[in-house]
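# Summary of the model geometry
Here's the letter readout for the chains.
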Amino acid sequence: MKASPGTTGLILNEPLLWEIGQKGRSGFSLPRRDVEFYASPEEMSANRLDFPDLSEMDVIRHYTRLSQWNFGVDTGMYPLGSCTMKYNPKINEKMASLPGFTEAHPLLPSDLSQGILRLMLELERFLSAITGMDAVTLQPAAGAHGELAGMLIFYAYHESKGGHRSKIIIPDTAHGTNPASAALCGYRPVSVKSNEMGVLTPETIATVMDEDTAGIMLTNPNTLGLFEENIKQITAIVHKKGGLVYGDGANMNAVMGIVDMGAAGIDVLHLNLHKTFSTPHGGGGPGSGPVCVKKHLEPFLPVPRVVEENGKYVLSENFSDSIGKLHAFYGNIGVMIKAYSYILSMGPENLKKASQLAVLNANYIKDRLKGVFHLAYDRPCMHECVFSDKFQEADKITTLDIAKRLMDYGFHPPTIYFPLVVHGALMIEPTETESKDTIDLFIEACQAIAKEATENPDVLRKAPYHSKLKRLDETAAARKPCLAG
Ligand SMILES: *Cc1c(COP(=O)(O)O)cnc(C)c1O
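All values derive from a computational prediction rather than experimental measurement. (Residues numbered from 1 in each chain as written. Predicted model: local features only at pLDDT ≥ 70, side-chain atom pairs only at ≥ 80, totals over all residues. Heavy atoms only, no water.)

### Digging into unusual backbone geometry
To keep things clear, this is the line we draw: A run of H or I in DSSP counts as a helix once it spans at least four residues, and a run of E counts as a strand once it spans at least two, with each numbered from the N terminus.
With an omega dihedral of 0°, the bond running from Phe-418 to Pro-419 counts as a cis peptide bond. Residue position: Pro-419 is located in the loop between strand 12 (415-416) and strand 13 (425-428). In this model, Ala-463 is joined to Pro-464 through a cis peptide bond whose omega is 5°. Note on placement: Pro-464 falls in the loop between helix 15 (457-462) and helix 16 (474-479). Although it is not a glycine, Ser-278 sits at a positive phi angle of roughly 75°. Within the element layout of this structure, Ser-278 appears in the loop between helix 11 (273-276) and strand 7 (291-293).

Below, the structure is given as structure tokens:
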């Protein structure tokens, strides 16, 4: 085995700024003042605030040390299932940082904003082409926000048909945000079970779909990383009873340029630009969850919308059936620029290849770890694979122990205990951007941990050893958080 990236390294302690400060220290030096001192009442009260006195170096070291406690996709492999933590090329950040974009004000008249308006419209068209849908809104700020937009569109559609429906079908493999978004719009989620192969059957849907059901929220590939192969029959059943099909497309990284969601019968689909299209999920910044619809639902999309009029791009509120506005101004523009740059720099063939490699990598891990961890569904997976701690049960080693130990080997743990349908789930999503060398190291680390579980289980129960903080009391951390540091 090559050396794993895990190390004790020089991880430095860092107290609070208030504990570092020394009266009289300062981060700047100015010439002596040659005018009388004057402070306004506001400044006087600001002066009474308890800010520590710090030198420039105090501040630089403080924040640099804190940043080194962090782990991100730029540090190492981050196989967090369901989050698509892939490497995001820096060229896309650079494009989003161009002064023409960063200095644009959202209140500028459209005459002075032709470039960004064109970019938005073209991005909408790219996303339509990638998904096989007809029209797009870029407004929602996240996947869950896109789901909310989708449910409002469902509601507006049924109202336009003169009827109100009260229920939504949601499979047991759905992301928790799906039932929450449906409930926010007043719909009652009706849970349905996936079968022993981890997918939905047309029969299950046929038994619950009725004329009081607004439709179904379907994730494809689903949260088990499996392709819903009966999707066409299922969407046909829902449509036959006048319902709509919502596609949760957060897992689009598995099927870009491969699956035509429109042809599969999806009416509304959200994407996570901050997973698939070059912004890291949970990256601390804003997200973007565009919603794509088929032609018959376009009138309901949020306003304002970018339209082309006489060769110019303008923002129009002129859509009387619109569900209204969902976000200040037009959405999170920076994320859109990165997605646009990513799509252009990849091109259709490479987007397709990225998905193919994401799927290949996940299947490679699935096959090599099959005897090491219990594989929940032994069949080809898409971009992620789900294991459990069943094999380690006899040694009283849990998914949490395995995840914590992986940190010692230098890997961010995978998603654990999700999806809920798999007891003790370990959900691994390598993404297309990891090399075979790195993936092999990860696999070897997992093999070593499984060996430790049988030979020396006590070691696992106290892991991690190399991290700044060791095993935490997670219940106490959640119930009695110490926010002071
Ligand atoms: C991530 C995810 C969401 C929610 O997206 P956010 O941007 O975190 O709100 C919804 N559904 C699925 C399947 C996801 O993976």
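Having seen the structure, we can now continue with the description.
### Some details on the domain arrangement of the protein
Put simply, the rule is: An automatic or database domain assignment is the source of the domain bounds shown. In this description, contact between two residues means that some pair of their heavy atoms is separated by no more than 4.5 Å. Here the quantity called buried area is the total loss of accessible area, with a 1.4 Å probe, experienced by two parts when brought into contact, counted for both. Definition of a polar contact: a pair of N or O atoms within 3.5 Å, with one able to donate and the other able to accept a hydrogen when the atoms are protein atoms, and with sequence-neighbouring residues admitted only if both atoms are side-chain atoms.
Here the protein is partitioned into domain 1 (90-345) and domain 2 (389-479). Each side of the interface is counted separately: domain 1 has eight residues, and domain 2 has six residues. Around 530 Å² of area is buried between domain 1 and domain 2 when both sides are counted, 60% of it from carbon and sulfur atoms. At the boundary of domain 1 and domain 2, one finds one residue pair in polar contact (both at pLDDT 80 or more).

### A few points about the sheet that holds strand 7
Definition in use: Two strands form a pair only when DSSP identifies at least two bridges running between them. Between N-to-C directions, angles cover 0 to 180 degrees, with each direction set by a line fitted to C-alpha atoms, over the stretch in contact for helices.
In space, the seven strands of this open sheet follow the order 1-7-6-5-4-2-3, with mixed pairing throughout. Edge positions in the sheet fall to strand 1 (135-137) and strand 3 (188-192), since each has one partner strand and no second. Direction aside, the axes of adjacent strands within the sheet are offset by 25° on average. Of the strands in this sheet, strand 2 (167-171), strand 4 (213-219), strand 5 (244-249), strand 6 (268-271) and strand 7 are in contact with helix 7 (residues 143-160), which crosses strand 5 at around 170°.

### Some thoughts on a nonpolar patch on the surface
Defined as follows: Here the term patch refers to residues with relative accessible area over 30% and no salt bridge, with like charges joined within 9 Å and nonpolar side chains (Val, Leu, Ile, Met, Phe, Trp, Tyr) within 5 Å. Per-residue and other accessible areas were derived by the Shrake-Rupley procedure at a 1.4 Å probe size, with only the shown protein chains allowed to occlude residues. Salt bridges, as used here, are contacts in which a Lys or Arg side-chain nitrogen is within 4 Å of a carboxyl oxygen on Asp or Glu. Whether a residue is buried, partly exposed or exposed follows from its accessible area with a 1.4 Å probe, protein chains only, as a fraction of its type maximum: under 20%, in between, or over 50%, in that order.
Together, Leu-16, Trp-18, Leu-49 and Phe-51 line one region of the surface with nonpolar side chains, adding up to about 450 Å² of accessible area. Following the sequence through the fold, Leu-16 ends up in the segment before helix 1 (17-20). Accessibility expressed as a relative area gives 35% for Leu-16, which makes it partly exposed.

### Considerations on helix 7
Defined as follows: An expected span of 1.5 Å times one less than the residue number is assigned to each helix.
With 18 residues, helix 7 ought to run about 26 Å at 1.5 Å a step, and its terminal C-alpha atoms sit 25 Å apart, in line with that. Gly-162 occupies a position one or two residues after helix 7 and carries a positive phi of about 85°.

### What about helix 10 (residues 231-240)?
What counts here: To obtain the arc, one takes the directions from the helix axis to the C-beta atoms.
Every buried residue of helix 10 is accounted for by Ile-231, Ile-234, Thr-235 and Val-238. Within helix 10, the buried residues cover an arc of 95° as seen down the axis, which keeps them to one side. Opposite the packed face of helix 10, turned more than 90 degrees from it, sit the exposed residues Lys-232 and Lys-240. Residues of helix 10 that are buried sit in contact with helix 9 (202-208), strand 4 and strand 5. Of the residues trailing helix 10, Gly-242 is marked for its positive phi of about 80°.

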